Amino acid sequence: MLCFGAENEDGAFFTNLEQLWIEDCPKLTGALPIHLPSLNRLLIKNCPRLVASLPMAPGLTRLKLKNSEGVPLSELPAGMNELKIEGYNALESLPEGIIDSNDCLLSTLKILRSQIVGS
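Residues numbered from 1 in each chain as written. Predicted model: local features only at pLDDT ≥ 70, side-chain atom pairs only at ≥ 80, totals over all residues. Heavy atoms only, no water.

An unreviewed UniProt entry annotates the chain as Disease resistance RPP13-like protein 1 originating from Morella rubra.

Novice: Is there a simple way to think about the state of the cysteines in this case?
Specialist: In a disulfide, the sulfur atoms of two cysteines are covalently bonded to one another. For the coordinates displayed, the defined rule picks out 0 disulfides. Cysteine Cys 47 is unpaired, with the sulfur of Cys 25 as its nearest cysteine sulfur at 4.6 Å. In this structure Cys 47 comes out as buried when scored by relative accessible area, which is 0%. (Disulfide = S-S within 2.5 Å. Buried < 20%, exposed > 50% of the residue type's maximum accessible area, 1.4 Å probe, protein only.)

Novice: What am I meant to see in a nonpolar patch on the surface here?
Specialist: On the surface, a nonpolar cluster with roughly 250 Å² of combined accessible area is contributed by Leu 109, Ile 111 and Ile 116. Looking at the element boundaries, Ile 111 is found in strand β5 (residues 108-112). On the accessibility criterion, Ile 111 (32% relative accessible area) is partly exposed. (Patch = residues over 30% accessible without salt bridge, like charges linked within 9 Å, V, L, I, M, F, W, Y side chains within 5 Å. Areas by Shrake-Rupley, 256 points an atom, 1.4 Å probe, with all protein chains shown as cover. Salt bridge = Lys/Arg side-chain N within 4 Å of Asp/Glu carboxyl O. Helix = DSSP H or I, 4+ residues; strand = E, 2+ residues; numbered from the N terminus.)

Novice: What should I look at first to understand the pattern of salt bridges in this one?
Specialist: Inspection of the entire model under this criterion finds 5 salt bridges. For Lys 84, the salt bridge identified is with Glu 82, shortest N-O distance 3.4 Å. One salt bridge connects Arg 113 with Glu 86, and the closest N-O pair in it is separated by 2.4 Å. Residue Arg 113 is located in the segment after β5, and its partner Glu 86 is located in strand β4 (residues 82-86); the two are separated by 27 residues in the primary sequence. One salt-bridge network, in which partners are shared between bridges, spans Arg 62, Glu 82 and Lys 84.

Novice: What exactly am I supposed to notice about the side chain of Ser 68 here?
Specialist: If you trace the backbone, Ser 68 turns up in the loop between β3 (62-66) and β4. Among the residues examined, Ser 68 registers a relative accessible area of 0% and is labelled buried. Setting aside chain neighbours within four positions, we find Ser 68 in contact with Ile 44, Lys 45, Asn 46, Cys 47 and Tyr 88. (Contact = heavy atoms within 4.5 Å.)

Right, dumping it as structure tokens:
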């Protein structure tokens with residue numbers, strides 16, 4: 001069985017993967033692929049037990065997270081132009097560089113059915 005963890009550390013797997021959609025996997029708890037150099041679209045939907053960092057994907061331009069609060073919103077690639085967040089009950093802040101960066105290319109930002117909490 002192929003696993004996304006240690007097997008992907010050297011970047012040898014999924015080097016040509018451009019889109020990754022993970023939907024309706026309520027029991028998924030493992031890690032995501034670590035290095036996806038060709039990834040440009042990522043959707044993670046209805047994976048409430050998934051606790052994983054986003055992969056290193058310098059070409060990532062579209063990200064949608066829905067009902068998957070275990071995926072932290074941290075640094076995103078500078079080329080991100082579409083970010084959709086839905087169903088986060090404790091959204092504290094947007095990722096670094098989204099609001100206050102001259103390099104930000106974000107053209108679409110949607111935050112739906114989420115509770116934004118103060119820091």
